[in-house]
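Coordinates in review
Here is how the chains run, residue by residue.
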Amino acid sequence: MPVPLSPDEARPFIDTDQAPAAHLDMLNALSFRTVVAGLRLGVFEALADGPLPVSTLAERTGTDQLGLRLLADALVGFNYLTRSGTDYANSANTTRWLLRSAPDSFVPVLSFWGTVVTELWGDLETSVRQGGPTGDFYAWLEQRPDTLADFQTMLRRLSGWLSEEIVSLVPAPPADGRVLDLGGGHAGYTVAFCQAYPGLRGTVVDLPGALTQGAAAVAEAQLDDRVELRPGDLLTADLDPGYDLVLLFNIVHGYDEPQLAGLLDRVAGALRPGGRVVLLEPLAEVPQRPPGVADSFVRAFSLNLFHTQGGRAYRFEDLAKLLAAAGFTDVEQHLLTRSDADHLVIATKL
Ligand SMILES: C[S@@+](CC[C@H](N)C(=O)[O-])C[C@H]1O[C@@H](n2cnc3c(N)ncnc32)[C@H](O)[C@@H]1O
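Residues numbered from 1 in each chain as written. Predicted model: local features only at pLDDT ≥ 70, side-chain atom pairs only at ≥ 80, totals over all residues. Heavy atoms only, no water.

**Examining the environment of threonine 95**
So the rule is basically this: Working definition: helices are DSSP H or I runs of at least four residues, strands are E runs of at least two. Numbering for both runs from the N terminus. Only protein chains enter the accessibility calculation, which uses a 1.4 Å probe; a residue is then buried when its area is under 20% of its type maximum, exposed when over 50%, and partly exposed in between. Working rule for contacts: check all heavy atoms of both residues, and any pair within 4.5 Å makes them a contact.
Among the structural elements, threonine 95 can be located in helix H6 (residues 92-97). The class for threonine 95 is partly exposed, based on a relative accessible area of 41%. Separated by 51 residues in the primary sequence, threonine 95 and phenylalanine 44 place their C-alpha atoms 8.0 Å from one another. Leave out the neighbours within four places in its chain, and threonine 95 touches Asn90 and Ala102.

Below you can see the structure in the form of structure tokens.
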């Protein structure tokens, strides 16, 4: 939880320059690292049924009593736990968001970003110095099933939140149309399109581990006969031609411009004339997005993309130019009402 400050305490840091704002960031970094430790050690889950003394909590989490007490006290300081006498309990906010079983659990998001920050951001300066990523993010992710599951769960939930609006913004494909979802992983978007259009058939291309959740989503929606999950590399796999719709959702930000130009050429080759490519992206520097949480996130996310993949958040103009060069026309941009950061870009193949 962000460092708890009264308005009077916050003012010198935030509203004036009388105190270093970075000091708050430092405390927030410690707070985040502390809550990630709480999650990894199962502290919040162990307290799900009610308060416990530290001895029992240490026993249940398989931890050292002194170490756990110090961690729990730090979590009290950051309002993740409360303490009454010798008993620790989850705070209301922790109960609402930090249990895996909670309906809108934020655990996949925190676990994924916790791993990124602790394992990948240690050498952030290197990519900035050398002008490119320090490793292959998706190869790294495929080697970590738990982090991959958190990543895909986080994105699948977002797809559940955004799909309805996205489907409504994309012109209807032909009744017996075909959609290709490149890097579609959890398959949430393809499932949504196929549910909206009963004659539509889908193909989801992604790396094998990423398709695990896709298989579950397709089976749950009873769409096995209409959705094919195709393990493969979206940059090199054979893409059969004649698709009506190609989804590139949260894909283009993973690549630099030359790679992107090549990818969009491949997409154009897979579409029939008049077919559409649809991009879902957090765009950089959006005039209607004022400075605030969404804007700060997109800037930090863009840095993360550069560091881990050599990509970045693009501006609409950048994408429009690349799409035009790949043979697309009528490039449109839509800001989604359910997200402050995500945009849909739709373009038609000439
Ligand atoms: C940011 S996720 C987006 C997932 C989904 N499209 C969405 O918007 O929720 C990027 C996806 O691209 C997949 N991916 C990345 N590189 C790939 C490659 N070279 N070949 C196939 N899939 C790839 C990842 O496994 C992941 O599922």
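**Re the pairing of strand S4 (residues 178-182)**
Put simply, the rule is: Think of it this way: DSSP has to see at least two bridges between two strands before they count as a pair.
For S4, a buried count of five out of five residues is recorded, marking the element as mostly surrounded by other parts of the structure. Side chains Arg178, Leu180 and Leu182 of S4 all project onto a buried face; the interleaved residues Val179 and Asp181 project onto the opposite face, where all are buried too. For S4 and strand S5 (residues 201-206), the ladder comprises five bridges, and the chain directions are parallel. Residue valine 179 lies in a different strand from S5, and its bridge partner there is glycine 202. Where S4 and strand S7 (residues 243-249) come together, three bridges link them in parallel fashion. Its bridge partner being in S7, leucine 180 is matched across the sheet by valine 246.

**Let's talk about the nonpolar core**
Inclusion rule: What makes a nonpolar core is a set of buried Ala, Val, Leu, Ile, Met, Phe, Trp, Tyr and Cys residues whose side-chain atoms join them at distances within 4.5 Å.
Membership of the largest hydrophobic core comes to 32 residues, with the highest contact counts inside it found for Leu182, Leu248, Leu263, Val267, Val277 and Phe328. Of all the elements in the fold, those that place two or more residues in this core are S4, S7, helix H13 (257-270), strand S8 (271-282), helix H15 (316-325) and strand S10 (342-349). Residue contributions to this core peak at six residues, all from H13. In this structure valine 267 touches Leu182, Val246, Leu248, Val277 and Phe328, once residues within four positions along its chain are discounted.

**Some words on unusual backbone geometry**
Peptide bonds are, in most cases, trans, and in most cases residues other than glycine have a negative phi. For glutamate 285, which is not a glycine, the phi torsion comes out positive at approximately 45 degrees. Considering the arrangement of structural elements, one finds glutamate 285 in the loop between S8 and helix H14 (293-309). One non-glycine residue with positive phi stands out, namely aspartate 330, at about 50 degrees. Along the chain, the position of aspartate 330 falls in strand S9 (residues 328-335). In this structure aspartate 330 comes out as exposed when scored by relative accessible area, which is 53%.

**Considerations on the sheet that holds strand S3 (residues 87-90)**
Here three strands make up an open sheet; going across it, the order is S1-S3-S2 and the pairing antiparallel. Among the strands making up the open sheet, the edge pair consists of strand S1 (52-53) and strand S2 (81-84). Note: S1 against S3, two bridges, orientation antiparallel. Bridge pairing in S3 links proline 53 to aspartate 87.

**A few points about the UniProt feature "domain: O-methyltransferase dimerisation" (unreviewed entry) in the protein chain**
Quick reminder of the rule: UniProt positions are given in the numbering used here, feature names are shortened, and annotations may be inferred rather than shown by experiment.
UniProt marks residues 35-92 with the feature "domain: O-methyltransferase dimerisation" (unreviewed entry), using the numbering shown here. Counted over residues 35-92, helix gives 57% and strand 17%. Its end C-alpha atoms are 15 Å apart.

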